[in-house]
Amino acid sequence: MELLVVLCTFPDMEKAREIATRLVELRLAACVNLLPGAHSIYRWQGKVETADEVVALIKTTPALYLTLEQNLKELHPYDVPEIIALPVEKAQELYQRFVQEAVA
């Protein structure tokens, strides 16, 4: 079974929770962990910027990635949201089954 962990940052917990809930309701994500307290430093429009953000760890499958990405882009408040998919090399078998069933 193949799994992905998709990383996405949000400007605040309220927006992160709203979008995470929607992704789970749509069965595009089995689970989303929201990690507040990230401090990001990045270059945007020629300037170095900083922001406090919430990092989301979104568990899904490769088959759902494109639909998940499209929904994230539509729902996200940023012009260029950070959406990075990482393949899961190994995962506990029961958790893999949970993810597969949760998005089925």
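Below is a short write-up of the structure. Since we're looking at a predicted model, the values are computed, not measured.

### With respect to helix α1 (residues 13-25)
And step 1. For α1, spanning 13 residues, the distance from its first C-alpha to its last is 18 Å, which sits close to the expected 18 Å at 1.5 Å a residue.
And step 2. Of all the residues in α1, the buried ones are Ala16, Ile19, Ala20 and Leu23. The buried residues of α1 occupy an angular sector of 100° when the element is viewed end-on, so they sit on one face. What points out from α1, more than 90 degrees from its buried face, is the exposed set Glu14 and Glu25.
And step 3. Contacts made by the buried residues of α1 are with β1 (4-10), β2 (31-44), β3 (47-60) and α2 (65-75).
And step 4. For α1, the N-terminal capping position is held by Asp12, with its side-chain oxygen 3.2 Å away from the main-chain nitrogen of Glu14.
And step 5. Positive phi appears at Arg27, one or two residues downstream of α1, with a value of about 65°.

### Notes on unusual backbone geometry
With glycine set apart, most residues show a phi of negative sign, and most peptide bonds adopt trans.
And step 1. Positive phi values are uncommon outside glycine, yet Arg27 reaches one of about 65°.
And step 2. Summarising the element assignment, Arg27 is placed in the loop between α1 and β2.
And step 3. Positive phi is not limited to glycine here, since Gln45 has a value of about 50°.
And step 4. With respect to the helices, strands and loops of the structure, Gln45 is situated in the loop between β2 and β3.

### Re the nonpolar core
And step 1. One finds Val6, Phe10, Leu23, Ile58, Leu68 and Leu72 to be the most contacted residues of the largest nonpolar core, which totals 23 residues.
And step 2. Only β1, α1, β3 and α2 provide two or more residues apiece to this core.
And step 3. If near-sequence neighbours (up to four positions away) are discounted, Ile58 is found in contact with Leu4, Val5, Val6, Cys8, Leu23, Ala29, Cys31, Val32, Leu68 and Leu72.

Calculation rules
- Residues numbered from 1 in each chain as written.
- Predicted model: local features only at pLDDT ≥ 70, side-chain atom pairs only at ≥ 80, totals over all residues.
- Heavy atoms only, no water.
- Helix = DSSP H or I, 4+ residues; strand = E, 2+ residues; numbered from the N terminus.
- Expected span 1.5 Å × (residues − 1).
- Buried < 20%, exposed > 50% of the residue type's maximum accessible area, 1.4 Å probe, protein only.
- Arc of directions from axis to C-beta.
- Contact = heavy atoms within 4.5 Å.
- Polar contact = N/O pair within 3.5 Å; in protein donor to acceptor, adjacent residues only side chain to side chain.
- Core = buried A, V, L, I, M, F, W, Y, C linked by side-chain atoms within 4.5 Å.

Function cannot be read off these values alone, since they describe shape.
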